[in-house]
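# Notes for the structure review
Next come the chains, spelled out residue by residue.
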Amino acid sequence: MGEQPGSLVRTLDALRAYRLIAGMWLRASMAYRTSFWITAVGNAVTSALDFVVIAIMFLHTTALGGWTLPQVAFLYGTSGLTLGLADLLVGSLDQLGQRVRDGSVDVVLVRPAAALAQLGADRFALRRAGRVVQSGLILGWALSRLPIDWTAGRLLVLLVLVVCGTVIFGSVFVAGAAFQFFATDAAEVQNSVTYGGATMLQYPPTIYARDLVRGVVFGVPLAFVNWLPALYVLGLPDTLGLPGWFRFASPLVALAFATAAGLLWRAALRSYRSTGS
Amino acid sequence: MAIIEVENVARSFTVRRKAGRLRRERTEVRAVEDLSFSVTAGEMVGYIGPNGAGKSTTIKMLTGILVPSAGRLRVAGVDPQRDRTRLARRIGVVFGQRTTLWWDLPLRDSYELARRIYRIEDARYRRNLDRCIELLGLGPLLDVPVRQLSLGQRMRGDIAAALLHDPEVLYLDEPTIGLDVISKNRVREFLAEINAESGTTVLLTTHDLTDIERLCSRVMVIDHGRVVYDGGLDGLHEAGRSERTLVVDLALPAPPIDVPGTRVVKVEGPRQWLAFPASASAAPLVAAVAAAHPLVDLSVREPAIEDVIARMYASPGPALATARSGPTG
């Protein structure tokens, strides 16, 4: 029997397969250039409307749950940026149920490459970058208005926020996709966590009921995407009564959540192969 | 050397069905039960059976898509269940009803992807692609987006895509479904050539028995998840208790002719159809008929293989049990 390749080799192989398949989808989408621009701009406009809502609120008040407009814009920008990046990278996983129903998962399983890499790259579309660009602009505006004392620590936490937030949202996509192997119509539940969660993170945690906040700290750990690191970057007091080190715990949470999502995916794929659909 | 080994493989599915408002009923459906066979390297085997007999389930298990509920499988020495990706490099799969090609891209791009995903060396890739282009007539199609190809062209494209990495085993699930006669012939000729030249083992499921007659020296018939026949095409007639038909034109219309060992199937004016066992000789029957009635003309019709197989499915009697005499153990 041949030797089993190490996990590093397997990871590199998977990334290579991801790149190859995503490249194919990119080229395929070039067949429809007009449609590309329409949907890219459309995406940006839809997500910009959320910010218009926030801006209108601030016409009538100067603070929302104790947060100023630039501070809320910071939440809005980081929430949209991280969700947008996760959506760009693995967003098609929320349509896995359809692939399972029409049987095209089989085609993926007869290729010599990791199934998650292939399905994550499925229907890769740059038009999803619309949300990333638009959220990035808002974040830039927020940062220019906020009187932040930019220490190395704050800068690092901001960078870590973007990476870990993307990983956490990406893990939600992976975990949700795992369920779609069985409940092929589970996409709606998943969307409520990803898109619903991202909308929730656009607003300060102080406006939500305590139990809900607890749910996104200890349940689906969305609070670690931007709320908790934002407290540190913006230098705000924690009104949630959580331990201070939670502000820096995002990498740990992201790692744990990604591992859990990965295990769930593996179990689901194994079970799909042994139960069928 | 056996390249495919299947030992006592079973596969069942749990089907959930709504029963009442909240209750759900679970039923176990056995798609394959106690399946055993082996295929020698270089063989070309037809795998046939009615819809729902377990053909696709078998192929899915042999490609590693599905894991068997019980039993043991080996393909090219690899356990499909444990080493799906390693197996993938050594097999080629063509699903007749589903393409692996990229819909919006020129055919050539799908082959480029295969080259990179399977890490095919340049020289080998060039050689295999050239051969497929020549034998399957793909030259003018390479730069056409797959969505613009006809069904027959796409199938040829799909078969080429499955062969670029020199697989040891090629599975074809309904490769000629929906194709016109010319495309069918082209695909068949190509498969025969690949099998003869490269020694690629081929396992194909089909509803078109001409595929089997043209290509396969061995045929396995599966029904209700079990192999009910495994052997040559000739043996199939015997196993299916098939009948030949003697068609006689008499000088005058007559009542049904009574000759021992035959039965009259149809009477149409002076013409009568007499069925008799395929293994019996026609000469004594002709003599017996001629002795009783003046004959104008006669002909003998061979049994259609479709009818033979249909009869097999219809009557899983003792004749089928004894027909389990494959060339391999």
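Criteria and cut-off values
- Chains are numbered independently. Their residues run from 1 in the order of the written sequence.
- Written order decides the labels, with chains lettered from A and ligands numbered from 1.
- Owing to the predicted nature of the model, reporting of local features is limited to residues with pLDDT of at least 70; listing and counting of side-chain atom pairs is limited to 80 or more, with chain, interface and lining totals taken over all residues.
- Secondary structure counts use DSSP, requiring at least four H or I residues in a row for a helix and at least two E residues in a row for a strand, with both numbered from the N terminus.
- Once C-beta atoms are placed from the backbone, each residue is buried if 20 or more other C-beta atoms lie within 10 Å of its own, exposed if 12 or fewer, and partly exposed for counts between those two.
- Any pair of residues counts as being in contact when their C-beta atoms, constructed from backbone geometry, are within 7 Å of one another.
- Under the scheme applied, nonpolar residues are Ala, Val, Leu, Ile, Met, Phe, Trp, Tyr, Cys and Pro; charged residues are Asp, Glu, Lys and Arg; polar residues are all the others, including Gly.
- The pairing criterion for strands is at least two bridges between them, as found by DSSP.
- To get an axis, fit a line to the C-alpha atoms, keeping to the stretch in contact for a helix; angles then go from 0 to 180 degrees between the N-to-C directions.
- Reported orientations rely on four angle classes, namely roughly parallel under 35 degrees, roughly antiparallel over 145, roughly perpendicular from 65 to 115, and oblique for the rest.
- Each crossing gets its hand from how the near helix is turned against the far one by less than a right angle, where anticlockwise is left-handed and clockwise is right-handed.
- These domain limits were set by an automatic method or by a database of domain assignments.
- In this scheme, a helix's expected span is set at 1.5 Å multiplied by one less than its residue total.
- Only buried Ala, Val, Leu, Ile, Met, Phe, Trp, Tyr and Cys residues enter a nonpolar core, and they are joined through C-beta atoms within 7 Å.

### Section: the overall build of chain B
Counting its secondary structure elements, chain B contains eleven helices and 13 strands. On the principal axes, the C-alpha backbone points of chain B span a range of 75 × 55 × 50 Å. The buried share among the 329 residues of chain B stands at 41%.

### Examining the interface of chain A and chain B
Accessible area lost on assembly of the parts is the figure often given for the size of an interface. Residue-level contacts link 20 residues of chain A with 25 residues of chain B. For the side of chain A that touches chain B, the elements supplying multiple residues, two or more each, are helix 1 (7–29), helix 5 (105–109) and helix 12 (250–275) of chain A. Its residues assigned to classes, the side of chain A that touches chain B shows ten nonpolar, six polar and four charged.

### Describing the sheet that holds strand 4 (residues 70–75) of chain B
Residues and elements named next belong to chain B. Strand order in the open sheet made by the three strands is 2-1-4, with antiparallel pairing throughout. Each edge of the sheet is formed by a strand with only one pairing partner; in this case those strands are strand 2 (24–40) and strand 4. Across this sheet, the average inter-strand angle for adjacent strands is 30°, counted without regard to direction. Pairing analysis gives 13 bridges linking strand 1 (residues 2–18) to strand 2, with the strands arranged antiparallel. The residue bridging Glu5 from the neighbouring strand is Ser38, located in strand 2.

### Structural notes on the environment of Pro175 of chain B
All names here are of chain B. The residue Pro175 is located in the loop between strand 6 (169–173) and helix 6 (181–198) in this model. The class of Pro175 is buried, set by 27 C-beta atoms lying within 10 Å. Each C-alpha atom of the pair Pro175 and Ala161 lies 13 Å from the other, and the pair is 14 residues apart in sequence. When neighbours within four sequence positions are excluded, Pro175 is seen to be in contact with Val94, Gly96, Met155, Ile159, Val187 and Leu204.

### Here we look at the packing of helix 2 (residues 33–60) of chain A against helix 3 (residues 69–90) of chain A
All names here are of chain A. The contact between helix 2 and helix 3 brings their axes to 11 Å, and the two run at 165°. Comparing their axes, helix 3 and helix 2 come out roughly antiparallel. In the crossing of helix 2 with helix 3, the sense of the turn from one axis to the other is right-handed. Listed contacts from helix 3 to Ser47, Phe51, Ile54 and Phe58 of helix 2 are Leu69, Val72, Tyr76 and Gly80. Residue classes in the contact of helix 2 with helix 3 are distributed as six nonpolar, two polar and no charged.

### Digging into the packing of helix 3 of chain A against helix 8 (residues 152–180) of chain A
All names here are of chain A. In contact at an axis separation of 8 Å, helix 3 and helix 8 are set at 50° when each is read in the N-to-C sense. Judged by the inter-axis angle, helix 3 sits oblique to helix 8. Pair helix 3 / helix 8 crosses with right-handed handedness. Contacts between helix 3 and helix 8 pair Thr78, Leu81, Thr82, Leu83, Leu85, Ala86, Leu89 and Val90 from the former with Leu161, Val162, Gly165, Thr166, Phe169, Gly170, Phe173 and Val174 from the latter.

### Notes on the domain arrangement of chain B
Partitioning chain B into domains gives domain 1 (2–238) and domain 2 (243–302). Using C-alpha coordinates to define each centre, domain 1 of chain B is positioned 44 Å away from domain 2 of chain B.

### A short note on helix 1 of chain A
With 23 residues, helix 1 of chain A extends 33 Å between its outermost C-alpha atoms, agreeing within 8% with the 33 Å of an ideal straight helix rising 1.5 Å per residue. Within the sequence span of helix 1 of chain A, burial applies to Ala17, Tyr18, Ile21 and Ala22 of chain A. For helix 1 of chain A, the elements touching its buried residues are helix 6 (115–120) of chain A together with helix 3 (107–117) of chain B.

### A word on the sheet that holds strand 11 (residues 263–268) of chain B
Residues and elements named next belong to chain B. Spatially, the four strands line up as an open sheet ordered 11-12-10-13, and their pairing is antiparallel. The open sheet is flanked by strand 11 and strand 13 (295–301), the only strands paired with a single partner. Taking each pair of neighbouring strands and ignoring which way they run, the sheet shows an average axis angle of 20°. In this structure, strand 10 (residues 243–250) lies alongside strand 12 (residues 271–277), joined through seven bridges in antiparallel fashion. In the sheet register, Leu246 faces strand 12, and the bridge partner there is Leu274. Here helix 9 (residues 283–292) sits on the sheet in contact with strand 10, strand 12 and strand 13, set at roughly 155° to strand 13.

### Points about the environment of Arg19 of chain A
All names here are of chain A. Tracing the backbone shows Arg19 in helix 1. The class of Arg19 is partly exposed, set by 14 C-beta atoms lying within 10 Å. When the C-alpha positions of Arg19 and Ala117 are compared, they lie 8.7 Å apart, and in sequence the two are 98 residues distant.

### Re the nonpolar core
When a protein is soluble and globular, its nonpolar side chains tend to lie buried together. Counting 151 residues, the largest nonpolar core has Ile168 and Val174 of chain A together with Ile159, Tyr171, Leu203, Met220 and Val221 of chain B as its most contacted members. Ranked by residues supplied to this core, first place goes to helix 8 of chain A with 13 residues. Residue contacts for Tyr171 of chain B: discarding those within four places in its chain leaves Ile59, Leu62, Thr63, Ile91, Val93 and Leu203 of chain B. Core analysis: the second largest hydrophobic core is formed by six residues, Val248, Leu250, Phe276 and Leu285 of chain B among them.

### A look at unusual backbone geometry
If you check the backbone angles, Arg123 of chain A has positive phi at about 55° while not being a glycine. Mapping Arg123 of chain A onto the fold places it in the loop between helix 6 and helix 7 (129–145). Even without a glycine there, the phi angle at Arg119 of chain B is positive, about 50°. Along the chain, Arg119 of chain B falls in the loop between helix 3 and helix 4 (122–136).

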